[in-house]
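Descriptive structure summary
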Amino acid sequence: QTGTKPNIDGGLATRTLCFSYQDKPVLKHLTLDFSHFNVTGIIGANGSGKSTLFMNLSGIYQPQEGEVWWDDEPLVYSKKGLRALRQSVVTVFQDPDQQIFYSDVENDIAFSLRNLGIEEAEIKRRTDWALRLVDAQHFRHTPVQCLSFGQKKRVAIAGALVMQSDYLLLDEPTAGLDPSGRRKMLAIIEQIVAQGKRIIISSHDIDLIYQICDGLYLLSNGEVLSSGSPQEVLVNKTLLESAGLEQPWLVKLHCEAGLPLCKTEQEMIAVLRHW
Ligand code: ADP
């Protein structure tokens, strides 16, 4: 309930969070917990409230009812409260052009750190680390306008990574990418997870969600329709279809062809070799 401290060990959560645009309710009593999963997926059809939820989680919007919880406290919408949240919860929005301000990749990535008054040696260390993680060292001095859409997305992610936040929120990280850009993005997300960062990911790419998430919330009209492990949520074809979504192809092969439930394409190929 509102005001009840969730069991989140300092992590990120929402309690009965409600958000409306003017008088249109979009998020309805959402109680979500992101502290017990490494990668939490938020899925739902267009208009189900995913982006609005991200705006609330990153403190850009303030809920009319309920709370965002962070660091064992309900978020306080003061300068200090929001500054603390923004150092711990960093969002990478769908369109990288919204987040890239400098024409030079390296300067863009260092921008937010310079704003925080961090020392140049530390800025260099973090920038090198982030560029390596998103495999962008080779275009670190390239003018941003010469980069592909996928490369810009990687620059935006590097700009978020240097903040060394506890949580990284990724809004549609594979939208607009071609198959090789998508593969690259998947590998980068896996690398980031391997570094121990908590990720919350909103995506229409149900195959990506199935492969990389360990927890899932299915939203429909601003409400939680289902939650649990990806396997639990995604085997329920009827429920998914009622929310306007499809099953991942690996889950479809399990449900419709009786094949074992595999987590990755490689696992399925190995199964089929011995079938
Ligand atoms: P999703 O990200 O799941 O597509 P959104 O959070 O973008 O969902 O939108 C949820 C609902 O809120 C939709 O009905 C959408 O039309 C509405 N909405 C989104 N942004 C605004 C806004 N700035 N003003 C009014 N309504 C909005």
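A few points on the structure. (Residues numbered from 1 in each chain as written. Predicted model: local features only at pLDDT ≥ 70, side-chain atom pairs only at ≥ 80, totals over all residues. Heavy atoms only, no water.)

**As for empty space enclosed by the protein**
Put simply, the rule is: Points on a 1 Å grid over protein atoms alone make up a cavity when a 1.4 Å probe fits among them but cannot get out, and a pocket when they form an open set with protein on both sides within 12 Å along at least five of seven lines; lining residues each have an atom within 4 Å of a point. Grid points are joined across faces, edges and corners, and a volume is the space filled by probe spheres set on the points. Under the DSSP-based scheme used, a helix requires at least four consecutive residues in state H or I and a strand at least two consecutive residues in state E, with every element numbered from the N terminus. Residue polarity is assigned by list, with Asp, Glu, Lys and Arg as charged and Ala, Val, Leu, Ile, Met, Phe, Trp, Tyr, Cys and Pro as nonpolar; anything else, Gly included, falls into the polar class.
One pass over the structure, following the stated rule, counts 1 cavity of 30 Å³ or more. Each pocket or cavity is described by its volume, and for the largest cavity that value is around 50 Å³. Lining the largest cavity we find Val92, Phe93, Lys153, Ile157, Leu170, Asp171, Glu172, Pro173 and Met185. Those elements giving two or more residues to the lining of the largest cavity turn out to be helix 5 (149–161) and strand 7 (167–171). Residues of the lining of the largest cavity, tallied by class, amount to 6 nonpolar, no polar and 3 charged.

**Regarding the sheet that holds strand 5 (residues 73–74)**
Where we set the bar: Between any two strands, at least two bridges found by DSSP are needed for them to pair.
A sheet is described by the order of its strands in space; here 4 strands give the open sequence 2-1-4-5, paired in antiparallel fashion. Pairing within the sheet leaves two strands with one partner each, and these edge strands are strand 2 (24–33) and strand 5. Examined bridge by bridge, strand 1 (residues 12–21) and strand 4 (residues 65–70) share 5 bridges and lie antiparallel to one another. Across the sheet, Arg15 pairs through a bridge with Glu67, a residue of strand 4.

**What about the nonpolar core?**
Note the following rule: Here the nonpolar core consists of buried residues drawn from Ala, Val, Leu, Ile, Met, Phe, Trp, Tyr and Cys, with membership extended through side-chain atoms lying within 4.5 Å. The buried label goes to any residue with under 20% of its type's maximum accessible area, the exposed label to any with over 50%, and the partly exposed label to all in between, with areas taken from a 1.4 Å probe on protein chains only. Domain start and stop positions are those given by an automatic or database domain assignment.
Among the nonpolar cores identified, the biggest contains 55 residues, and Ile43, Leu161, Ile201 and Leu234 are the most heavily contacted of them. Each of two domains, domain 1 (12–244) and domain 2 (245–275), supplies a minimum of three residues to this core. Core analysis: the second largest hydrophobic core is formed by 23 residues, Ile42, Leu53, Ile200 and Leu219 among them.

**Quick look at the packing of helix 5 against helix 6 (residues 179–194)**
Inclusion rule: Structural elements are reduced to axes, namely lines fitted to C-alpha atoms, with helices fitted over the stretch in contact, and the angle between N-to-C directions of any two is expressed from 0 to 180 degrees. For classification purposes, an angle smaller than 35 degrees is called roughly parallel, one larger than 145 roughly antiparallel, one from 65 to 115 roughly perpendicular, and anything else oblique. Only heavy atoms matter for contacts: two residues are in contact if any of them lie within 4.5 Å across the pair.
With their axes 12 Å apart at the nearest point, helix 5 and helix 6 run at an angle of 10 degrees to one another. On the basis of their axis angle, the class for helix 5 and helix 6 is roughly parallel. Here Lys153, Arg154, Ile157 and Leu161 of helix 5 lie close against helix 6, whose contacting residues are Lys184, Met185, Ile188 and Ile192. When its residues are assigned to classes, the contact of helix 5 with helix 6 shows 5 nonpolar, no polar and 3 charged.

**Considerations on the layout of surface pockets**
The calculated volume of the largest pocket comes to roughly 710 Å³. Looking at the lining of the largest pocket, the elements that each hand over two or more residues are helix 2 (79–88), strand 6 (89–92), helix 3 (105–115) and helix 5. Of the pockets and cavities examined, the second largest pocket occupies roughly 260 Å³. Considering the residues around the second largest pocket, the lining is formed by Pro179, Arg182, Arg183, Leu186, Asp207, Tyr210, Gln211, Pro248, Trp249, Leu250, Glu265 and Gln266. Residue assignment for the lining of the second largest pocket shows that the elements contributing at least two residues are helix 6, helix 7 (206–212), helix 10 (249–257) and helix 11 (265–273).

**Examining the site of the ligand**
The line we're drawing: Here a residue counts as near a molecule or strand whenever at least one of its heavy atoms sits within 4 Å of it. Polar contacts, as counted here, are pairs of nitrogen or oxygen atoms within 3.5 Å of one another; within protein the pair requires one atom able to donate a hydrogen and one able to accept it, and residues that are adjacent in sequence qualify only if both atoms are side-chain atoms. Using a 1.4 Å probe, accessible areas were evaluated by the Shrake-Rupley method; residue-level cover was limited to the displayed protein chains.
Surrounding the ligand, one finds Tyr21, Lys24, Val26, Ala45, Asn46, Gly47, Ser48, Gly49, Lys50, Ser51 and Thr52. Between the ligand and Ser48 there is a distance of 3.2 Å, counted from an oxygen atom to a backbone nitrogen or oxygen. Between an oxygen atom of the ligand and a side-chain N or O atom of Thr52, the distance comes to 2.4 Å. Contact with the protein chains removes 62% of the 560 Å² of surface that the ligand exposes when unbound.

**Things to note about helix 6**
Each turn of an α-helix holds 3.6 residues, which means side chains three or four residues apart point in the same direction. The criterion, for reference: A helix is expected to span 1.5 Å for every residue after the first. The directions from the helix axis to the C-beta atoms are what the arc is built from.
When the terminal C-alpha atoms of helix 6 are compared, their 23 Å separation across 16 residues agrees well with the 22 Å that a helix rising 1.5 Å per residue should span. Within helix 6 the residues assigned to the buried category are Gly181, Met185, Leu186, Ile188, Ile189 and Ile192. Within helix 6, the buried residues cover an arc of 165 degrees as seen down the axis, which keeps them to one side. The outward face of helix 6, more than 90 degrees from its buried face, is lined by the exposed residues Pro179, Arg183 and Ala194. Just beyond helix 6, the residue with positive phi is Gly196, at close to 90 degrees.

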